[in-house]
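In case you want the letters, here they are:
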Amino acid sequence: MLLRHLVTASSLALIVAGPALAENTLRWTSQGDALTLDPHSQNEAPTIAMNGQMYESLVTRDADLLLQPELAESWTPGPDGWTFNLRKGVKFHDGSDFTAEDVAFSFERASHEASDYKEQIKSIASIEIIDDYTIKFTTDGENPILPNQLTSLYIMDKGWSEANNVVVPQDYKAQEENYAVRNANGTGPFILESRAPDEQTVLTRNPDWWGNGMFPGNVDRIEYRPISNAATRVAALLSGEVDFVLDPPLQDLKRIEATDGLSVKTAAQIRSIFFGMDQGVDKLRTSDAENNPFKDSRVREAMNLAIDRDAIKRVVMEDLAFPTSMITSPGVLGNTPENDPPVTHDVAKAKELLAEAGYPEGFTVRLDCPNDRYNNDEKICQAAVSMYAKVGVTVNLDALPKSQHFPKIQKRESDFYMLGWGVPTLDSHYVFSYLLDSSGSWNAAGYNNARVDELTAAMATELDLEKRTSMIDEAWTLVQADMPYVPIHHQVLAWGLASTVDIPIAADDAFRPRFAVMN
Amino acid sequence: MVSFILKRLAQSLLVMAIVSAVSFSLFNFVGDPVNNMVGQDATREQRVEIRQQLGLDDPILTQYVRFIGNMTKGEFGLSYRIKRPVDDLILERLPATIELVFVSAIISLFFGIVLGIYTGIKRNSWVSRVILSTSLAGVSLPTFVIGIGLIYVFAVHLRWLPSSGRGGTIDLGWWKTSLLTVDGWRAIILPSITLSLFQLTLILRLVRAEMLEVMRTDFIKFARARGLSEKAINFRHALRNTLVPVITIIGLNIGGLIAFSVVTETVFQWPGTGLMFIQAVGFVDVPIMAAYLVFVALLFVIINLVVDILYFVIDPRIRLGG
């Protein structure tokens, strides 16, 4: 009995040690493992990034975030929807052929009740298979940005899903775990070899991948180990146990940079950090003011002028931030130099505006802030408290873990709160519809501008690119004048790498192994 | 004897009920899981719907009764975070924790007793003083700091041992072990030392104090007068008499080791139940938190019960009194 185990042990050790010598094995880590391998179950960045190594979507983004064909070779808009021409000769990892039927199946699966993607594709009214390699999505009204919304909508094999009884995503109400949670059968560049959630996931190169030879990547094997503790994660990189850390803490970057054989890459992230001021209620809940000071645009301007964004960048962020006067990042359609002018900081003018608005002595308000969500989130809020004190506004800070912070925003219980917003579609409509439209689900600022609502609705269906861009421009001009939010900065993301590895860093913080080169 | 055990069992059940009720009521303050469960583009209606489906808006008492009801049926539900059955998850992670606790217990027992005897017998030597003052660090430094310190010395600078993870594991079908591979042993050294330090110090000080106590008693003096060798006196007579309280403490502390492996497991990314619990707290994964707390309560209850029964067997006074 024991002998047999020992034999298994040594042969296992051989299997593990063997290929590592001959092949390019990339070992990497990050804080959180993918929650599930079911591609439609969780709309969460680490899950999308992990599944994107095994599964593919019709349209994808490269490291510069430009749209690129993946399982679709081309796509064309029509008056009532979009037609996609699919790639021919693609096979799933189990050997079955990829056809339009799999696409139709996957979209149906993704629009199921238990899917976390149903919102993203709700504009699709019907799907029509024209032939094996052509599929048409009829949209409910025109949708100019449908391809942008499909980049993390992965395609599953219909036959495999039926055989394994996973035609719908995992449901919370179920008592059983479904097969797709820990098994994967995609068309992507890497095949799942083994998965122990929160321990280790091993992927190997797909020798039959359609893209072999078309991309610079030369990784044969990927070993991923999540390490939740930041100090331990950095230690694993410093000790040479991993080649790549996706999310080293900002304060350790200098140390990584100073270590022989290691380097740091940084990039502006598509995520903007800002404060929301509830201007929708008649009286603030946490303020001594009689009415709601945030209803007055002079107060909102003063709240903006009081913040010294450059000081936050220098002192709090170790220079890893891009101060901004806009709540969406460069790279998103609509962020132009005119709409995102250099930041201003003017304590005297802020005081003046507050006095004009009837608050010469300032007022008090509570600032709700997360302490485990964004880079240095709590410290930014602490800095803001002292900056507001200088203009006479007494801010009481309430910093809480994200699971307690975000419900306050969702339930509209906060007067003044920190929020960060990323834009997966890279289009301003995403920002308007959630944060600025009067019925937006994250518009806890209660911002209400009829013209902005009108433009938001119009840009959702305008196909003429030029007209649409000018609508976006007009809407931003209105918003920048109303100042419903206090933008702070765009986040910077940083990766720690061994110098033997070169991976292009991307603003969406996703690891794209097809571009990873090892030497 | 039977009535004694039955009485104890009834008390244990009561303790379990209270512990689970208290921990369940705490979940109200951990936050709202729904935000972690859906993407940022979920509508408010969808969020409300999920809350209703999961019964999160029900009064805490209703939720508790439902939880107990399901538990008695053997249903612990599905983890909100990774959507897998909770009992599977706990059983899957338990071997890692048990192996870590086992190795830590051996380390703390062995070094605790050996060093305790040494410092008890040679209480004035400089070696004893060094041991005692370093052991102070063991009780006063937080586990987190000890763990990170060991990682930086042995993994980053000397590169002798891995910084995290479990190394090579072998699946025996019913038990996934890391104690059959060299990599696995290399990986368990640092976390088990980290976890054992506090217990080691405790045992060391307890054994030393007991040794000093026993050495002063009359029967040791008589043993000396009888001309027994120092070795026989120290080990056969003195040590034996110190072990009774030590065993009690060890029994209780093994439960503690399992429950408090949370920090060590987090620092070393040790894939056991403690790490799972911490991740569950971050996500407000109520089914996992509830099941884990009930599990830990059960563990303590069982250990206490066993200790009580052992007392009953060992100490005739309890037998007569009960």
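Residues numbered from 1 in each chain as written. Chains lettered and ligands numbered in written order. Predicted model: local features only at pLDDT ≥ 70, side-chain atom pairs only at ≥ 80, totals over all residues.

Engineer: Where do I start with the overall build of chain A in this structure?
Structural biologist: For chain A, the count of helices and strands is 14 helices and 19 strands. Taken over the C-alpha trace, chain A has a radius of gyration of 25 Å; the compact-globule value for 519 residues is 24 Å, and the two agree within 12%. With respect to the principal axes defined by its C-alpha atoms, chain A has extents near 80 × 55 × 45 Å. Relative to its 519 residues, chain A shows a buried fraction of 50%. Within chain A, residue pairs in contact and separated by at least 24 positions form 70% of the contacts whose partners lie at least 6 positions apart. (Helix = DSSP H or I, 4+ residues; strand = E, 2+ residues; numbered from the N terminus. Rg over C-alpha atoms; globule rule 2.2 N^0.38 Å. Buried ≥ 20, exposed ≤ 12 C-beta atoms within 10 Å, placed from the backbone. Contact = placed C-beta atoms within 7 Å.)

Engineer: So what exactly am I meant to see when it comes to the overall build of chain B here?
Structural biologist: What chain B contains, in helices and strands, is 14 helices and two strands. Looking at chain B residue by residue over its 322 residues, the buried ones come to 38%. Taking the contacts inside chain B whose residues are at least 6 apart along the sequence as the reference set, 71% of them involve residues at least 24 apart.

Engineer: Just to check I follow, could you spell out the environment of Thr201 of chain B for this structure?
Structural biologist: Residue and element names in this part refer to chain B. Here Thr201 is to be found in helix H8 (residues 182-215). Residue Thr201 is classed as buried on the basis of its 23 C-beta neighbours within 10 Å. Taking the C-alpha atoms as reference, Thr201 lies 55 Å from Glu45; in sequence the two are 156 residues apart. Non-local contacts of Thr201, meaning those with residues more than four positions away in its chain, are made with Ser135, Gly138 and Val139.

Engineer: How should I be thinking about the interface of chain A and chain B in this particular structure?
Structural biologist: Interfaces are often described in size by the accessible area the parts lose on coming together. Contacts between the two partners involve 44 residues from chain A and, on the opposite side, 47 residues from chain B. Elements that contribute at least two residues to the side of chain A that touches chain B include exactly helix H1 (2-22), helix H5 (230-238) and helix H11 (402-410) of chain A. Per-element tally for the side of chain A that touches chain B: the top contributor is H1 of chain A, with six residues.

Engineer: Would you mind showing me how to read the pairing of strand E14 (residues 364-370) of chain A here?
Structural biologist: All names here are of chain A. For E14, a buried count of five out of seven residues is recorded, marking the element as mostly surrounded by other parts of the structure. Judged from the seven bridges that link them, E14 and strand E15 (residues 394-400) form a sheet pairing that is parallel. Considered in E15, the bridge of Arg366 is made with Asn396. (Pairing = 2+ DSSP bridges.)

Engineer: Looking at this structure, how should I read the environment of Ala507 of chain A?
Structural biologist: All names here are of chain A. Tracing the backbone shows Ala507 in the loop between strand E18 (501-502) and strand E19 (517-518). For Ala507 and Asp198, which are 309 residues apart along the polypeptide, the C-alpha to C-alpha distance reads 25 Å. Here Ala507 is in contact with Leu65, Ala267, Ala268, Gln269, Ile270 and Gly331, once residues within four sequence places are set aside.

Engineer: For this particular structure, what's the right way to read the nonpolar core?
Structural biologist: Buried together is how nonpolar side chains tend to be arranged in soluble globular proteins. In this structure, Phe244, Ala302, Ala306 and Ala384 of chain A are the most contacted members of the largest nonpolar core, which totals 197 residues. The biggest single contributor to this core is H8 of chain B, with 13 residues. Aside from chain neighbours lying at most four places away, what touches Ala302 of chain A is Ala350, Leu353, Leu354 and Val391 of chain A. (Core = buried A, V, L, I, M, F, W, Y, C linked by C-beta atoms within 7 Å.)

Engineer: Looking at this structure, I do not really get the packing of helix H8 (residues 309-316) of chain A against helix H10 (residues 377-390) of chain A. What am I missing?
Structural biologist: For any two helices packed against each other, the geometry comes down to the angle between their axes and how far apart the axes lie. Residues and elements named next belong to chain A. Their axes nearest at 11 Å, the elements H8 and H10 cross at an angle of 135 degrees. Judged on the interaxial angle alone, H10 and H8 are oblique. As H8 packs across H10, the resulting crossing turns out to be right-handed. Across from Ile312, Val315 and Val316 in H8, the residues of H10 making contact are Lys379, Ile380 and Ala383. Taken together, the residues of the contact of H8 with H10 break down into five nonpolar, no polar and one charged. (Axes fitted to C-alpha atoms, helices over the stretch in contact; angles between N-to-C directions. Parallel < 35°, antiparallel > 145°, perpendicular 65-115°, else oblique. Left-handed = near helix turned anticlockwise from the far one by under 90°. Nonpolar A, V, L, I, M, F, W, Y, C, P; charged D, E, K, R; others polar.)

Engineer: For this particular structure, what's the right way to read the confidence of the model for chain A?
Structural biologist: When pLDDT is low, close inspection of the predicted coordinates is not appropriate. Across chain A, the average pLDDT comes to 90, with 95% of residues at or above 70. Overall, residues 1-21 of chain A carries pLDDT values under 50, and its contacts beyond four positions in sequence, including any with other chains, amount to 14 contacts. (pLDDT = per-residue confidence, 0-100.)

Engineer: Sorry if this is basic, but what is going on with the packing of helix H9 (residues 218-225) of chain B against helix H10 (residues 230-259) of chain B here?
Structural biologist: All names here are of chain B. Contact geometry for H9 and H10: axes closest at 11 Å, N-to-C directions at 150 degrees. Classed by the angle they form, the pair H9 and H10 counts as roughly antiparallel. Of the two possible hands of crossing, H9 and H10 adopt the one that is right-handed. From H9, Phe219, Ile220, Ala223 and Arg224 reach across to H10, where they touch Ile233, His237 and Ala238. When its residues are assigned to classes, the contact of H9 with H10 shows five nonpolar, one polar and one charged.

Engineer: In this structure, what is going on with H11 of chain A? I would like to understand it.
Structural biologist: In an α-helix, one turn spans 3.6 residues; hence positions three or four apart end up facing the same way. Burial in H11 of chain A covers these residues: Lys402, Ser403, His405, Phe406 and Ile409 of chain A. Taken end-on, H11 of chain A shows its buried residues confined to a sector of 160 degrees, consistent with a single buried face. Those residues of H11 of chain A that are buried lie in contact with E14, E15 and strand E16 (416-422) of chain A together with helix H2 (34-37) of chain B. Where H11 of chain A ends, the next residue or the one after it, Arg412 of chain A, has phi of about 55 degrees, a positive value. (Arc of directions from axis to C-beta.)

Engineer: Looking at this structure, I do not really get unusual backbone geometry. What am I missing?
Structural biologist: Residues and elements named next belong to chain A. For Asn165, which is not glycine, the phi torsion reads 60 degrees and is therefore positive. In this structure, Asn165 sits in the loop between helix H4 (158-163) and strand E8 (190-196). Although it is not a glycine, Asp319 sits at a positive phi angle of roughly 70 degrees. Along the chain, the position of Asp319 falls in the loop between H8 and strand E13 (321-323).

Engineer: Any chance you could explain the sheet that holds strand E4 (residues 72-78) of chain A here in plain terms?
Structural biologist: Within a beta sheet, neighbouring strands are joined by backbone hydrogen bonds and run either parallel or antiparallel to one another. Residue and element names in this part refer to chain A. The four strands lie next to each other as E4-E5-E7-E6, forming an open sheet whose pairing is antiparallel. Of all the strands in the sheet, the pair left with one neighbour each is E4 and strand E6 (124-131). Ignoring which end each strand starts from, the neighbouring axes of this sheet average 20 degrees apart. Where strand E5 (residues 81-86) and strand E7 (residues 134-139) come together, five bridges link them in antiparallel fashion. Residue pairing across strands places Trp82 opposite Phe137, the latter belonging to E7.

Engineer: What am I meant to see in the pairing of strand E10 (residues 221-224) of chain A here?
Structural biologist: Consecutive side chains of a regular strand alternate in pointing toward one face of the sheet and then the other. All names here are of chain A. Burial along E10 is one-sided: Ile222 and Tyr224 are buried, while Arg221 and Glu223, pointing the other way, are not. Note: strand E1 (residues 25-29) against E10, four bridges, orientation parallel. Across the sheet, residue Thr25 finds its bridge partner in E10, namely Arg221. Bridge analysis of strand E9 (residues 200-205) against E10 gives four bridges, and the strand direction is antiparallel. Note on E10: the bridge partner recorded for Val202 is Glu223.

Engineer: Explain the environment of Gly55 of chain B here, please?
Structural biologist: Residue and element names in this part refer to chain B. Mapped onto the fold, Gly55 is located in the loop between helix H3 (44-54) and helix H4 (60-72). With eleven residues separating them along the chain, Gly55 and Arg66 place their C-alpha atoms 9.6 Å apart. Setting aside chain neighbours within four positions, we find Gly55 in contact with Gln63 and Arg66.

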